[in-house]
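Fold and contact review
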Amino acid sequence: MRWLVLWLGLALGAGSSLSAQDRATPGHQVSEDFGGALYNTGERTGGSDAEWRVLEHNAVEAINTLAETNRQALVLFNEKGRTPLMQAAAQGHAIIVRALLAYPEVQHSVSTEDDEGLDAYDHALLQFRTTLQGCHPKADNPFALIPYLVTRPYYQSRQPYAEILNLLADHGADTEQETARAVWMAWCSNENDDDRQRIAEAQDVATAISAVQYQVERRKLRVETDEDADLLRELFSPRVNAGKMTQSALDAQIAELYRSKGLEPPIGTKEE
């Protein structure tokens, strides 16, 4: 499970489940608290725009309060050599990235690299909070999957990584993509040749990573739907064999199952 620990270290920025020391600085704690609040809200109600706006408002207020009392905390490094900006970018907390970039100290350190050679722009390119399955299609550890799934509605609603990339670029970030590409290729356990080639050859790494996530989800959905179709055949074949149901009627049900999932029915499925 080493890859999962490494992934968590990248995706969570400060490594929320790895070391209490990584959460020691108040600047990083704002993202930790915001991420925890998103999880708790998602677990309790599923989350809504109104609830998320309250959490976002609280996070911005926390950054601004911190800036008034301890401006240096906005650019301190944690145990992994990451600034609060890097952590917010990694976690997809666009509202915090925007708040941080209002301060000159953060603007001046926008392209600072962490201990792994990644800057905030690299972390946003990797967008691990929304592309876990694309990177690790076989991920089954609940400590990674449950937070990923519980907070997914927020990320689907906000689409934060594109906004973060634009914000960072507008504030002078180094927008080269080769570091993020190399990290994805080295750290992700996705062995699909087409997926890896897409990342390796992409001019836009962020778009390619999102496309790989989509393809992995579609392949997973296809496998699940194939299993459901096999179950339908098993259940209704005795009726077909007994003359109580036509094969074409069964095929029509199976075809409708695929279409209800947004998939094309298998070649050879006949319909009435």
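Above this text you will find the structure in question.
Residues numbered from 1 in each chain as written. Predicted model: local features only at pLDDT ≥ 70, side-chain atom pairs only at ≥ 80, totals over all residues. Heavy atoms only, no water.

Here we take up empty space enclosed by the protein. Tallied over the full model, the rule gives one cavity of 30 Å³ or more. Quantified by volume, the largest cavity comes out at close to 30 Å³. Around the largest cavity, the lining residues are Leu-38, Gly-42, Gly-46, Gly-47, Trp-52, Val-150, Thr-151, Pro-153 and Tyr-154. Of all the secondary structure elements, the ones that give two or more residues to the lining of the largest cavity are helix H2 (26–45) and helix H10 (152–158). (1 Å grid on protein atoms, 1.4 Å probe; cavity = no way out; pocket = protein on both sides within 12 Å on 5 of 7 lines; lining within 4 Å. Points joined across faces, edges and corners; volume = space filled by probe spheres on them. Helix = DSSP H or I, 4+ residues; strand = E, 2+ residues; numbered from the N terminus.)

Further remarks concern the layout of surface pockets. There is about 400 Å³ of room inside the second largest pocket. Lining the second largest pocket we find 20 residues, and of these Gln-127, Thr-130, Thr-131, Gln-159 and Ser-210 sit closest to its centre. Listing elements by their share of the lining of the second largest pocket, those giving two or more residues are H10, helix H11 (160–170) and helix H14 (205–241). Take the lining of the second largest pocket: its biggest share by element is six residues, from H14.

Let us look at the pattern of salt bridges. Applying the stated criterion to the full structure yields 13 salt bridges. Residue Arg-98 is joined to Glu-163 by a salt bridge in which the shortest nitrogen-to-oxygen separation is 2.9 Å. With Arg-98 in helix H5 (residues 94–100) and Glu-163 in helix H11, this pair connects stretches of sequence that are 65 residues apart. With a relative accessible area of 43%, Arg-98 lands in the partly exposed category. Residue classification places Glu-163 among the partly exposed residues on the basis of a relative accessible area of 30%. Between Arg-181 and Glu-178 there is a salt bridge; the shortest N-O distance is 2.9 Å. Linking Arg-181 with Glu-178, this pair stays in helix H12 (residues 178–187), spanning three residues, or about one helical turn. (Salt bridge = Lys/Arg side-chain N within 4 Å of Asp/Glu carboxyl O. Buried < 20%, exposed > 50% of the residue type's maximum accessible area, 1.4 Å probe, protein only.)

Structurally, the position occupied by Leu-168 is in helix H11. Along the backbone, Leu-168 and Val-97 are 71 residues apart, and their C-alpha atoms lie at a distance of 8.4 Å. Among all residues touching Leu-168, those that are not within four sequence positions of it are Leu-85, Val-97, Leu-101, Val-110, Ala-120, Tyr-121, Ala-124 and Ala-173. (Contact = heavy atoms within 4.5 Å.)

Applying the stated criterion across every chain yields a total of one disulfide. Across a sulfur-sulfur distance of 2.0 Å, Cys-135 and Cys-188 are joined as a disulfide pair. Linking Cys-135 and Cys-188, the disulfide has an S-S dihedral of approximately -100° and is accordingly described as left-handed. Placement of the pair is Cys-135 in helix H8 (residues 132–135) and Cys-188 in the loop between H12 and helix H13 (193–201), with a sequence separation of 53 residues. (Disulfide = S-S within 2.5 Å.)

Taken residue by residue, H11 has Pro-160, Tyr-161, Ile-164, Leu-165, Leu-167 and Leu-168 as its buried positions. Around the axis of H11, the buried residues are gathered within 165° of arc, so they sit on the same side. Structurally, H11 contributes buried residues whose contacts are with helix H4 (84–91), H5, helix H7 (120–126), H10 and H14. Where H11 ends, the next residue or the one after it, Gly-172, has phi of about 90°, a positive value. (Arc of directions from axis to C-beta.)

Running from N to C, H2 and helix H3 (residues 49–69) point in directions that differ by 170°, and their axes come no closer than 10 Å. Relative to H3, the element H2 lies roughly antiparallel. Where H2 crosses over H3, the two elements pack in a sense that is right-handed. Counted together, Pro-26, Gly-27, Val-30, Phe-34, Ala-37, Leu-38, Thr-41, Arg-44 and Thr-45 of H2 and Glu-51, Trp-52, Leu-55, Glu-56, Ala-59, Ala-62, Ile-63 and Leu-66 of H3 form the full contact between these two elements. Here the contact of H2 with H3 is composed, by residue class, of 11 nonpolar, three polar and three charged. (Axes fitted to C-alpha atoms, helices over the stretch in contact; angles between N-to-C directions. Parallel < 35°, antiparallel > 145°, perpendicular 65-115°, else oblique. Left-handed = near helix turned anticlockwise from the far one by under 90°. Nonpolar A, V, L, I, M, F, W, Y, C, P; charged D, E, K, R; others polar.)

Residues Leu-85, Val-97, Leu-168 and Trp-184 are the most contacted members of the largest nonpolar core, which totals 53 residues. In this view, Leu-85 contacts Val-97, Leu-100, Leu-101, Val-106, Val-110, Ala-120 and Leu-168; residues no more than four positions away in its chain are not counted. Counting 10 residues, the second largest nonpolar core, distinct from the first, contains Ala-229, Ile-254, Tyr-258 and Leu-263. (Core = buried A, V, L, I, M, F, W, Y, C linked by side-chain atoms within 4.5 Å.)

With that settled, the discussion passes to unusual backbone geometry. Phi at Gln-127 is positive, roughly 40°, even though this residue is not glycine. With respect to the helices and strands, Gln-127 occurs in the loop between H7 and H8. The class of Gln-127 is buried, set by a relative accessible area of 6%. Positive phi is not limited to glycine here, since Gln-159 has a value of about 45°. One can find Gln-159 in the loop between H10 and H11. Taking relative accessible area as the criterion, Gln-159 reaches 52% and is therefore assigned exposed.

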